[in-house]
Amino acid sequence: DVGGYFLCWRVQEGTFRRLRCERNGQFGISIGHKDTDNTFEECMLKDNGEFALVFREESERNGAHRNTWTRCEFVGSKVAIHVPAYAFDNVLDSCRIGDPDGRALTLLPGARRFAFHNCTFAGEVYDESGADAGHTGLP
């Protein structure tokens, strides 16, 4: 059992409400190749193996940009949200991110301008994206 929901090849301007991605082997949701301008509302990503939400490694022009996550929960995985490469201008609003014994968030070089509004974080926040990444709302 590898993963839950896999957005692939230009999923754009979609609205996803009340998705439940639970007990998958590797991830709850994987987002990447030109998956842009999507809205996720009240989604539960719980007890997935490695990641609740993973942004796949893409080039700068092919990343998952401008997606919005509202009232979502990313819990019960080793890493709640993992951003290993280029993804820009993603907004998380009123989300629950992580668990006390795990990692809430990983932002690596290429992650830019992630905004966290009214989010609660539990666990470690690991930000290696650089001082000029422009993130807001991190603990």
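Structure: above.
The rules we used
- Residue numbering note: each chain is counted from 1, following its sequence as written.
- In keeping with the model being predicted, local features are shown solely for residues with a pLDDT of at least 70 and side-chain atom pairs are shown and tallied solely at 80 or more, while totals for entire chains, interfaces and linings include all residues.
- No hydrogens and no water enter the side-chain calculation; it runs on all heavy atoms of the structure.
- For the purposes of this section, nonpolar cores are sets of buried Ala, Val, Leu, Ile, Met, Phe, Trp, Tyr and Cys residues that join through side-chain atoms within 4.5 Å.
- Partly exposed describes any residue whose relative accessible area lies between the buried limit of under 20% and the exposed limit of over 50%, with all areas from a 1.4 Å probe on protein chains only and scaled to the type maximum.
- Strands are runs of DSSP state E lasting at least two residues, helices are runs of H or I lasting at least four, and both sets are numbered from the N terminus onward.
- What makes two residues a contact is simply this: any of their non-hydrogen atoms within 4.5 Å.
- His is not counted, nor are the chain ends; Lys and Arg add positive charge and Asp and Glu add negative charge.
- Each salt bridge in this description consists of a side-chain nitrogen of Lys or Arg and a carboxyl oxygen of Asp or Glu lying within 4 Å of one another.
- Under the rule applied, a polar contact is a pair of N or O atoms within 3.5 Å (in protein, one hydrogen donor and one hydrogen acceptor; residues adjacent in sequence only if both atoms are side-chain atoms).

S.K.: How should the nonpolar core be read in this particular structure?
M.R.: A general trend in soluble globular proteins is that nonpolar side chains are found buried together. Membership of the largest hydrophobic core comes to 30 residues, with the highest contact counts inside it found for F40, F55, W69, F74, I81, L92 and I97. Elements represented by at least two residues in this core include exactly β4 (27-31), β7 (51-55), β10 (79-83) and β14 (103-107). Not counting chain neighbours up to four residues away, the residues in contact with I81 comprise L53, F55, F74, L92, I97, A104, L105 and T106.

S.K.: Any chance you could explain the side chain of E58 here in plain terms?
M.R.: Tracing the backbone shows E58 in the loop between β7 and β8 (68-70). Here E58 is buried and forms no salt bridge, its nearest opposite-charge partner R56 lying at an N-O distance of 4.2 Å. In this structure the side chain of E58 is engaged in a polar contact, spanning 3.1 Å, whose partner is the backbone nitrogen of H33. With residues up to four places along the chain from it excluded, the contact list for E58 reads G32, H33, G63, A85 and Y86.

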